[in-house]
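# Structural description and commentary
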Amino acid sequence: MVDFKVSIIIPHHNNFDILNECINSLKKISYPNTEIIIIDNNSTDDSINQIKNSYNDLIIKKSEKNLGYAGGCNLGASVSSGSYLLFLNNDTIHKTDFLNHLIDKITNNDSIACVQPKIKNYDNKDFFDYAGASGGFIDYLVFPFSRGRIFNTIEKDKGQYNNSIKVFWTSGTAFITKKEIFDKVGGFDESFFAHMEEIDYCWKCNLSGFECWVEPRSVIYHHGGKTLSYDSPKKTYFNHKNSIILLLSNYSLGLSLYLLPLRLFLEIISSLNDLLKLRLGHFIAHYISLISVLLNLFNIYKRRKNINKLRINDDKFIFDQNIILNESVVKKYFLFRNKTYNNY
C-alpha cells in the first residue's frame, strides 16, 4: 500500500487535557505518513501554549477569532500539504490502526469522497457515540440520524453494524476526505459555524457524483459535548437553523418549497415539546433559528446558485441510492416507537 500523506486537522477551543489526550493517542497510530494541524479557535485559556511546550512537531495555527468547526477546518485545509484530509474532534482517542482502514477504503474506489470510522462513546465503550455512530443518514425533511443512534436512543455495539456501507453523511467527529474533492466543492460553509456542516459537505459530494461511506473496521472513541454541551440551547439553535437552510438550499427549488410547510409544522411541535419539558432556552432557540433563516435568505439564494453549479445528480437519483429516508424519522421514532436503526 502506498503511504499517502494525510493531514490531520483538529479545530480546538479551550481544554488542554482533552487535546493532549487526543494528540497522545495519534502519536501511537500505526499509519506512518501524517501531519497534525491544530487550529486554535481563539482559546481563552492557556491550552494552546501548553500544547506548544509539550510538542515540537505539530503545525499550530492560531485564529484571532473563533471560526467554529467549519471555519477552523477550512483554515486547517488551507495550510495542509496532504492529499487526504482527516477532520477530527479534539475530544477523541483512536485505535492504532484506525487510519489504515480509512485509507484502505477511500483509496479503493475513485468515486468515494468521504469515509468515517465507527464512533463509540468514550465513557461507555460498549455503546455507539451520539455523534455519528456507524454512519449517518437523513430523512426527507433533513432530520439526521445514524446507524446506531436515533434521536436520543443510543444502541449497544454488538457488531450488528460492522459492514461497510454507503451512507448519506460522515460525522464531523472524524472523517477522511480527498483534498482535491474538498477544494472542488468549496469546503465547509462557514456561515454554518458549527453543526450540520459535514452533512452539507457530504450532500454536495453526493450531488457532485461522489459517495460517502462508513468503515467500521476503523474505530475511535469520542467524549462528546466538551466544547458545546449537548444540553445547550445553542446546540438546538445551530442544529435547527442549519437543517432548515439545508432543506431550502440543497434540494431542487420545487422540492424545497413543497417540503417547507411540513418541516415548519414539525419545528413548532418540537418547540412545544421543549416547552412542556420546561426547557425554555431550547423553546426560544427554535424561534431564534427561524428568525435567523429569514435573515439568511440572500445567503440561501447564493448557496443555491453555488450548489447548482456542482449538481450532477438530481434529487431522484440521491433518493434512489437509499441514503435518504423517504418517510419521517420523527413519525417512525415518536409515533411508531421504532427506536433502533434496524427498524429503518
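Keep in mind that what you see is a predicted model, and the values were worked out from it rather than measured.

What counts and how
- Residues numbered from 1 in each chain as written.
- Predicted model: local features only at pLDDT ≥ 70, side-chain atom pairs only at ≥ 80, totals over all residues.
- Heavy atoms only, no water.
- Helix = DSSP H or I, 4+ residues; strand = E, 2+ residues; numbered from the N terminus.
- Buried < 20%, exposed > 50% of the residue type's maximum accessible area, 1.4 Å probe, protein only.
- Lys, Arg positive; Asp, Glu negative; His and termini not counted.
- Salt bridge = Lys/Arg side-chain N within 4 Å of Asp/Glu carboxyl O.
- Contact = heavy atoms within 4.5 Å.
- Core = buried A, V, L, I, M, F, W, Y, C linked by side-chain atoms within 4.5 Å.
- Phe/Tyr/Trp six-rings, centres within 6.5 Å; stacked < 30°, edge-to-face > 60°.
- Lys NZ or Arg CZ within 6 Å of the ring centre and 35° of its normal.
- Axes fitted to C-alpha atoms, helices over the stretch in contact; angles between N-to-C directions.
- Parallel < 35°, antiparallel > 145°, perpendicular 65-115°, else oblique.
- Left-handed = near helix turned anticlockwise from the far one by under 90°.
- Nonpolar A, V, L, I, M, F, W, Y, C, P; charged D, E, K, R; others polar.
- Pairing = 2+ DSSP bridges.

## So, the side chain of Glu197
- You can see Glu197 is positioned in helix 6 (residues 197–207).
- One buried charged residue, Glu197, forms no salt bridge at all, with the nearest opposite charge on Lys241 at 9.2 Å.
- Contacts of Glu197, omitting those with residues within four sequence positions, involve Tyr69, Ala70, Phe188 and Phe192.

## Points about the nonpolar core
- Judged by nonpolar contacts, the single largest core of 63 residues is most densely connected at Phe87, Phe168, Phe188 and Tyr201.
- The element that contributes the greatest number of residues to this core is helix 6, accounting for 6 residues.
- Those residues in contact with Phe188 that sit more than four places away from it in its chain are Tyr69, Ala70, Cys73, Asn74, Phe87, Phe175, Phe182, Glu197, Glu198 and Tyr201.
- One finds Phe16, Leu58, Val115 and Ile176 within the second-largest nonpolar core, a separate group that totals 31 residues.

## A word on the side chain of Ser243
- Along the chain, Ser243 turns up in helix 7 (residues 233–250).
- Residues within four places of Ser243 in sequence aside, it is in contact with Leu141, Val142, Met196 and Arg263.

## Notes on the packing of aromatic side chains
- According to the stated counting rule, one finds 25 aromatic pairs in the structure shown.
- Ring-pair connections join several aromatic residues into one group, and the members of that group are Tyr69, Phe87, Phe175, Phe182, Phe188 and Tyr201.
- One Lys or Arg, Lys125, reaches over the ring of Tyr122 and ends 4.2 Å from the middle of that ring.
- One residue, Arg149, lies across the ring of Tyr130, its end atom 3.9 Å from the ring centre.

## Quick look at the packing of helix 8 (residues 253–276) against helix 9 (residues 280–295)
- Following both chains from N to C, one finds helix 8 and helix 9 inclined at 160 degrees, their axes separated by 7 Å at the closest point. With respect to their mutual orientation, helix 8 and helix 9 come out roughly antiparallel. Our pair here, helix 8 against helix 9, has a crossing hand that is left-handed. Of helix 9, the residues touching helix 8 (which contributes Leu264, Glu267, Ile268, Ser270, Ser271, Leu272, Asp274 and Leu275) are Leu280, His282, Phe283, His286, Tyr287 and Leu290.
- Counted by class, the contact of helix 8 with helix 9 contains 8 nonpolar, 4 polar and 2 charged residues.

## A closer look at the pairing of strand 7 (residues 136–139)
- Of the two faces of strand 7, the one holding Gly136 and Ile138 and the one holding Phe137 and Asp139 are both buried throughout.
- Both strand 7 and strand 8 (residues 144–146) contribute to a ladder of 3 bridges, which runs antiparallel. Its bridge partner lying in strand 8, Phe137 is registered against Phe145.
- What sits between strand 7 and strand 8 in their antiparallel hairpin is a turn of 4 residues, with Val142 showing a positive phi close to 70 degrees.
- Judged from the 2 bridges that link them, strand 7 and strand 14 (residues 324–325) form a sheet pairing that is parallel. The residue bridging Asp139 from the neighbouring strand is Leu325, located in strand 14.

## Topic: the pattern of salt bridges
- What the rule picks out here adds up to 15 salt bridges.
- Between Glu35 and Lys5 there is a salt bridge, with the nearest N and O atoms lying 3.5 Å from each other. You can see Glu35 sitting in strand 2 (residues 34–41) and its partner Lys5 sitting in the segment before strand 1 (6–12), a full 30 residues away along the chain.
- Given the relative accessible area of 10%, Glu35 is considered buried.
- Residue Arg311 pairs with Asp315 through a salt bridge whose shortest N-O separation is 3.2 Å.
- Each of Asp189, Asp200, Lys204 and Arg303 takes part in one network of salt bridges that share partners.

So far we have only geometry, and geometry alone does not tell us how the molecule works.
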